[in-house]
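Results of the structural survey
Okay, here's what each chain looks like letter by letter:
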Amino acid sequence: MTWFVQPSLINDPFSDPGLFIDFRFGRRALLFDLGELSQLSPRQLLRVSHAFVSHAHMDHFAGFDRLLRVCLHRAMPLHLVGPTDFADRVEHKLNAYTLNLLDEHPFDFLITATEFAEAGAEHVCEFRALEAFRRRELSPVPLPPGMLLDEDEFQIRSVVLDHGTPCLAFSFEEKLRVNVWSEGLKSLQLGVGPWLKEAKRAVRRGAPDDSEVVISPDQSIPLGMLKQHVLRTARGQKIAYVVDTAYHEENVDRIITLARGADQLFIEAAFIDADADVAAQRRHLTARQAGDIAKRAGVARFVPFHFSARYREQEDWLRSEAEEAFRA
Ligand SMILES: [Zn+2]
């Protein structure tokens, strides 16, 4: 199966956590967390449309400056999402700079910041380069509970976890995948065009087979025929990302709900189980707890990361503890 997006950890598991989700098509990428980003090239960062920040501890947010530096003069907006108080933090970051002379550049670089809480997006604001990033309040787009972003091809969901401070966990869920079979196009003597996007949309929303897809002003074709010859469907992939969370029932339930059935779960495994009391104090998971949650969520593959630096010489220990709990 060809991939729609490719997730990869930005750093080694002992360094700042973060996931880069690269799209196969459309020169686009997403980021989960904004810690150390120097492993990503400017070209990769320029593709980032959205950065989802779990919380503003430095190892999750210190990379904001680099992202801003690279994107400052680009045309595509940058959408940022974080927990309660996040918009203030973005505003403070922007206010740290001298912002005159930005109008010498052709693009009015736009940043939006959305604060996500239990009930959904509760605060949205925007900052425009040509206004020296002065903050403007916007009204949030209404979305179903737990939904952060809903596009044609995928959704992003989030839950709020307790890490002594609110910490967001995220899932990327591709909708039903609709691939185009070019031999089928040829056999029906159809060319590619914007109509294909409409046809894919119709399949995803379950439109009836006799609905007509308009190919050009003087040609339309029943959806059923396209499904038979041109469009192939497959289940989309699901990727979940969980960092910095205390191990207690409420958190665990929320993680399991979010990550259920994921193809890949990236989950922090900060401490070994012998140090579970330290993990509890710091509101982090142990490797065993991470593996157990992954198992209970029924994920196909799980990737433990965000290891405490104290275990640099004991990486195998952390990994085997996590793996054992997952396989138990
Ligand atoms: Zn933290």
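Each value, and the rule that gives it
Residue positions are given per chain, counting from 1 as you read along its sequence in written order. Selection of residues for local features in this predicted model requires a pLDDT of at least 70, selection of side-chain atom pairs for listing and counting requires 80 or more, and totals for whole chains, interfaces and linings are taken over all residues. Only hydrogens and water are set aside when side-chain values are computed; all heavy atoms of the structure are taken into account. To qualify as a helix, a DSSP run of H or I must reach at least 4 residues; to qualify as a strand, a run of E must reach at least 2; elements of each kind are numbered from the N terminus. This radius of gyration counts C-alpha atoms alone. The globule rule is 2.2 Å times how many residues there are, raised to the power 0.38. Each residue's exposure class comes from its accessible area (1.4 Å probe, protein chains only) as a fraction of the maximum for that residue type: buried when under 20%, exposed when over 50%, partly exposed otherwise. Only heavy atoms matter for contacts: two residues are in contact if any of them lie within 4.5 Å across the pair. For the charge count, each Lys or Arg is scored as positive and each Asp or Glu as negative, with His and the chain ends excluded. In this description, the location of a charge corresponds to atom NZ of lysine, CZ of arginine, CG of aspartate or CD of glutamate. Aromatic pairing here means that ring centres of Phe, Tyr or Trp (its six-membered ring) are within 6.5 Å. Orientation follows from the plane angle: under 30 degrees is stacked, over 60 is edge-to-face, and everything else is tilted. Look at NZ for Lys and CZ for Arg. If either is within 6 Å of the ring centre and within 35 degrees of the ring normal, a charge sits over the ring. Under this definition, polar contacts are N or O atom pairs within 3.5 Å; protein pairs additionally need one hydrogen-donor-capable and one acceptor-capable atom, and for neighbouring residues in sequence, both atoms have to be side-chain atoms. Each metal site is built from N, O and S donor atoms within 2.8 Å (3.2 Å for Na, K and Ca), and since water is not included, such sites may look incomplete. Key to geometry: four donors with every angle between 85 and 135 degrees are tetrahedral; four donors are square planar and six octahedral where opposite donors lie over 155 degrees apart and all remaining angles lie between 65 and 115; all other sites are irregular. Any Lys or Arg side-chain nitrogen located within 4 Å of an Asp or Glu carboxyl oxygen qualifies as a salt bridge. Only when DSSP finds a minimum of two bridges between them are two strands counted as paired. In this description, a line fitted to the C-alpha atoms serves as the axis of each element, helices being fitted only across the stretch in contact, and the angle between N-to-C directions of two axes falls anywhere from 0 to 180 degrees.

Glancing now at the overall build of the protein. The helix and strand tally for the protein stands at eleven helices and 18 strands. Against the compact-globule benchmark of 20 Å for 328 residues, the protein has a radius of gyration of 22 Å, which places it among compact chains. Each principal axis of the C-alpha atoms in the protein carries an extent, and together these give about 70 × 60 × 35 Å. Expressed as a percentage of its 328 residues, the buried residues of the protein come to 51%. Contacts spanning at least 24 positions in sequence make up 63% of the contacts within the protein whose residues lie at least 6 apart. Averaged over its 39 positive side-chain charges, the protein has a centre that lies 5 Å from the centre of its 48 negative ones.

A word on the packing of aromatic side chains. Two numbers describe a pair of aromatic rings. These are the distance of the centres and the angle of the planes. Enumeration over the complete set of coordinates arrives at 15 aromatic pairs. Feature note: the residues Phe32, Phe52, Phe170, Tyr241 and Phe305 constitute an aromatic cluster, connected by ring pairs. A cation sits over an aromatic face here: Arg28 above Phe23, 5.2 Å from the ring centre. Above the plane of the ring of Trp181 lies Arg232, whose end atom (NZ or CZ) is 5.0 Å from the centre.

Another aspect to go through is the side chain of Glu174. The topology assignment puts Glu174 in strand S11 (residues 166–174). Within polar-contact distance, the side chain of Glu174 engages the side chain of Arg177 at 2.7 Å. The residues contacting Glu174, other than those within four sequence positions of it, are Phe4, Glu153, Phe154, Gly236 and Gln237.

The next subject is the coordination of the zinc ion. Around the zinc ion, the protein supplies His55 (NE2), His57 (ND1), His163 (NE2) and Asp244 (OD) as donor atoms, at distances of 2.2 to 2.3 Å. Geometry at the zinc ion is irregular, judged from the four donor atoms that bind it and their angles of 85 to 174° at the metal.

Two side chains that carry opposite charge are able to pair once their charged atoms sit near each other. All told, the structure shown has 24 salt bridges when counted by the stated rule. The shortest N-O distance in the salt bridge between Glu183 and Lys186 comes to 3.5 Å. Taken together, the residues span about one helical turn, with Glu183 and Lys186 both in helix H5 (residues 182–187) at a distance of three residues. Residue Glu183 is classed as partly exposed on the basis of its relative accessible area of 44%. Close ionic contact of Arg201 with Glu198 constitutes a salt bridge, the shortest N to O distance being 2.8 Å.

The mixed open sheet is built from eight strands, whose spatial order is S1-S2-S3-S4-S5-S6-S7-S8. This sheet does not close on itself; its edge strands, each paired only once, are strand S1 (5–9) and strand S8 (135–138). Put simply, the sheet's adjacent strands are angled 20° from each other on average, direction ignored. Two strands pair when backbone bridges link them, and strand S5 (residues 78–82) and strand S6 (residues 110–117) are joined in this way by five bridges, in the parallel orientation. Directly across from Val81, in S6, lies its bridge partner Thr114. Helix H4 (residues 86–95) rests against S5, S6, strand S7 (120–128) and S8 of the sheet, and its axis sits at about 150° to S6.

This part is about the side chain of Thr245. Relative to the elements of secondary structure, Thr245 occurs in the loop between strand S16 (238–242) and helix H8 (249–259). The exposure class of Thr245 is buried, given its relative accessible area of 0%. Within polar-contact distance, the side chain of Thr245 engages the side chain of Asn251 at 2.9 Å. Contacts of Thr245, omitting those with residues within four sequence positions, involve Leu161, Asp162, His163, Asn251, Ile255, Glu268, Arg283, His284 and Leu285.

Whether parallel or antiparallel, the strands of a sheet pair through hydrogen bonds between backbone atoms. Taken in spatial order, the six strands make up an open sheet running S9-S10-S11-S16-S17-S18, and their pairing is mixed. Each end of this open sheet is capped by a strand with a single partner; those strands are strand S9 (147–150) and strand S18 (301–305). The mean inter-strand angle of the sheet, taken between neighbouring strand axes irrespective of direction, is 15°. Summarising the sheet, S11 and S16 pair through four bridges and their orientation is antiparallel. Note on S16: the bridge partner recorded for Phe172 is Ile239. Strand contacts of H8: strand S10 (154–162), S11, S16 and strand S17 (264–268), with the helix running at about 175° to S10, the strand carrying the most contacts.

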